[in-house]
Amino acid sequence: MKRTLLTAGAAAVATTAALACMSPANAVLSKYSYYASAGATQVQALGVAVQSDATAQSVIVGNASSAANQKIASAKAGTLLTAGVATTDTTATVNAAKGVTVVADAHTAGLSLLGGMIKLSAIDTTATINADGTDNPTTSMTTNLVGLTIQGKKYTAPINPNTGITIPGVVSIQLNQQQTASDADSAVIEGAGLKITLLGARNGAAAGATVEVNPITELLEPGNGEVEPGYAIGGGAWGSYVDANVGSSVQVESGKSAQLTMPAGGTSGQVQSNSTAKVTLNGVLNLGVVHSEQTGIRNDALSQATETSTVASASVLGGIIQAKALSSTSTASATPSGGSVSGSTTFVKLVIAGKTIPINVAPNTKIHVLNLGTVTINEQTPVVQDGVVHAFRTVAVDVVLDTKRAGLPVGAEVQIGFSQAQVWK
């Protein structure tokens with residue numbers, strides 16, 4: 001049984017969104033498990049060496065037919081990026097042979113990058129993994145660029161995959177950027193319609209900053225009890241995330257630090273880990289070591305996923321929230337006779353607005369902080385839907401602002417210590 005595709009940098013799974021894409025009762029289930037994500041724009045330009053989430057992101061995950069779509073009126077990230085209307089769609093269709101076709105599509109209009117250096121009337125990107133249930137899975141990804149100009153020079157279709165253009169000392173541009181792979185029972189597509197990487201400081205961003213338009217990720221793996229034994233598992237963990245995609249403007253956004261994503265086949269009981277030495281975001285986050293771990297078991301007797309996130313020396317929103325350390329753990333398991341989910345958090349010297357929080361704080365405790373917003377401590381969300389999906393999400397600290405602060409708009413969310421585990425039974 002080949003497993004090489006599972007470690008090919010395949011997917012930064014948006015695990016929160018995954019809970020909205022669960023298999024309905026009595027659904028026809030595929031012999032494969034899939035994940036698909038399509039976004040409009042994605043920016044990494046905040047000095048945090050992790051990847052940011054996509055705007056207007058549509059995500060589906062599971063092993064039954066499903067669909068999702070999103071739309072955003074406009075997006076803006078300083079002078080790095082402005083974009084007009086964007087729509088995304090993801091669909092999975094299971095056939096009678098228990099195969100599945102997974103399609104991710106993104107359309108973004110009215111693009112201007114780097115203050116107008118790069119312009120596009122529209123960009124359409126579509127990625128497809130087709131597993132008919134008999135032959136090996138196949139992959140394809142296409143991008144259609146309309147009205148593309150770079151420094152005033154027009155570029156016309158067709159654009160070959162991974163077409164590169166470099167403006168020395170300024171920017172590296174990749175058009176129809178993609179990485180694909182497949183074997184007898186797995187497949188992966190990862191790419192973007194357009195990706196730029198700054199080669200020098202520009203437009204308020206440092207060298208190495210990246211912008212992706214129409215980022216797409218698709219992953220197909222063996223499903224429940226067909227190619228592999230037991231039940232497909234999933235989930236993920238990360239230390240911190242700031243989501244300020246409120247309304248139509250991307251004002252500030254960080255990625256998920258020390259992120260891990262659980263393969264559907266598990267980790268053979270071995271511990272996988274990811275660490276970040278430090279996370280700093282002006283006025284918002286100042287974290288010490290961020291460490292994530294996961295363990296997955298999948299066999300006929302037991303399928304189990306365990307995800308853990310640990311954060312040291314946390315200072316959030318200028319010190320209003322402080323902790324010596326905090327962590328969250330989520331576990332989901334299934335056996336032929338049933339399933340279970342659980343979660344927990346730990347805190348060392350957690351202080352919020354000058355008030356010390358007890359280490360045994362009850363799940364989903366909410367504190368309203370004047371001129372800040374609502375802080376949820378030990379946030380726990382169990383989900384068992386239609387007897388098919390068993391999942392548990394735990395967040396050590398979750399803040400939603402009701403006041404503008406540190407460059408974040410009202411409605412922005414800051415999460416510290418995230419873990420989620422799930423099993424498709």
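Residues numbered from 1 in each chain as written. Predicted model: local features only at pLDDT ≥ 70, side-chain atom pairs only at ≥ 80, totals over all residues. Heavy atoms only, no water.

A. A look at the overall build of the chain. If you tally the helices and strands in the chain, you get 1 helix and 32 strands. For the chain, the share of sequence-separated contacts (at least 6 apart) that also reach a separation of at least 24 residues comes to 62%. As displayed, the chain offers around 16,300 Å² of accessible surface, 51% of which is attributable to carbon and sulfur atoms. (Helix = DSSP H or I, 4+ residues; strand = E, 2+ residues; numbered from the N terminus. Contact = heavy atoms within 4.5 Å. Areas by Shrake-Rupley, 256 points an atom, 1.4 Å probe, with all protein chains shown as cover.)

B. Region of the structure containing the pairing of strand β13 (residues 163-167). Of the pairings in the sheet, the one linking β13 to strand β14 (residues 171-182) comprises 5 bridges and is antiparallel in character. If you follow G164 over to β14, its bridge partner there is Q174. Between β13 and β14, which pair antiparallel in sequence order, lie 3 residues; one of them, G169, sits at a positive phi of approximately 75°. (Pairing = 2+ DSSP bridges.)

C. Structural view of the packing of aromatic side chains. Enumeration over the complete set of coordinates arrives at 2 aromatic pairs. Ring centres 5.7 Å apart and planes at 75° place the aromatic pair W238 and Y241 in the edge-to-face group. Like W238, the residue Y241 is buried in the burial classification. Where W238 meets F418, the ring centres are 4.1 Å apart and the plane angle is 5°; that geometry is what we call stacked. Separated by 180 residues along the polypeptide, W238 in strand β17 (residues 233-246) and F418 in strand β32 (residues 413-424) bring together distant segments of the chain. Residue W238 shares its accessibility class with F418, and that shared class is buried. (Phe/Tyr/Trp six-rings, centres within 6.5 Å; stacked < 30°, edge-to-face > 60°. Buried < 20%, exposed > 50% of the residue type's maximum accessible area, 1.4 Å probe, protein only.)

D. Molecular detail of the pairing of strand β26 (residues 338-348). Pairing of strand β25 (residues 321-335) with β26, which is carried by 11 bridges, proceeds in the antiparallel orientation. Across the sheet, residue A325 finds its bridge partner in β26, namely V348.

E. Spatial organisation of the confidence of the model for the chain. For the chain, per-residue confidence averages 84 on the pLDDT scale, and residues scoring 70 or more make up 87% of the total. Counted against residues more than four places away or in other chains, residues 46-52, with its pLDDT under 50, gives 24 contacts. The model gives residues 248-252 a pLDDT under 50, and that stretch makes 20 contacts with residues more than four places away or in other chains. (pLDDT = per-residue confidence, 0-100.)

F. Geometry of the environment of V271. Tracing the chain through its elements places V271 in the loop between β19 (260-261) and β20 (272-276). Under the relative-accessibility criterion, V271 is labelled exposed at 54%. Between the alpha carbons of V271 and T306 there is a distance of 9.7 Å; along the sequence they are 35 residues apart. Residue contacts for V271: discarding those within four places in its chain leaves E293, Q294 and T295.

G. Structural context of the environment of T128. Secondary-structure assignment places T128 in strand β9 (residues 118-131). Counting along the chain gives 38 residues from T128 to T90, while the straight-line C-alpha distance between them is 9.9 Å. Residues within four places of T128 in sequence aside, it is in contact with T101, V102, V103, T138, T139, S140, I189 and E218.

H. A look at unusual backbone geometry. Of note, L114 is a non-glycine position whose phi angle comes to about 55°, a positive value. On the secondary structure map, L114 appears in the loop between β8 (100-113) and β9. We classify L114 as buried; its relative accessible area is 4%. Phi angles above zero are rare outside glycine, and A258 is one such case at about 55°. With respect to the helices and strands, the residue A258 is situated in the loop between β18 (249-253) and β19. A residue is classified by how much of its surface remains accessible, and A258, at 2% relative accessible area, is buried.

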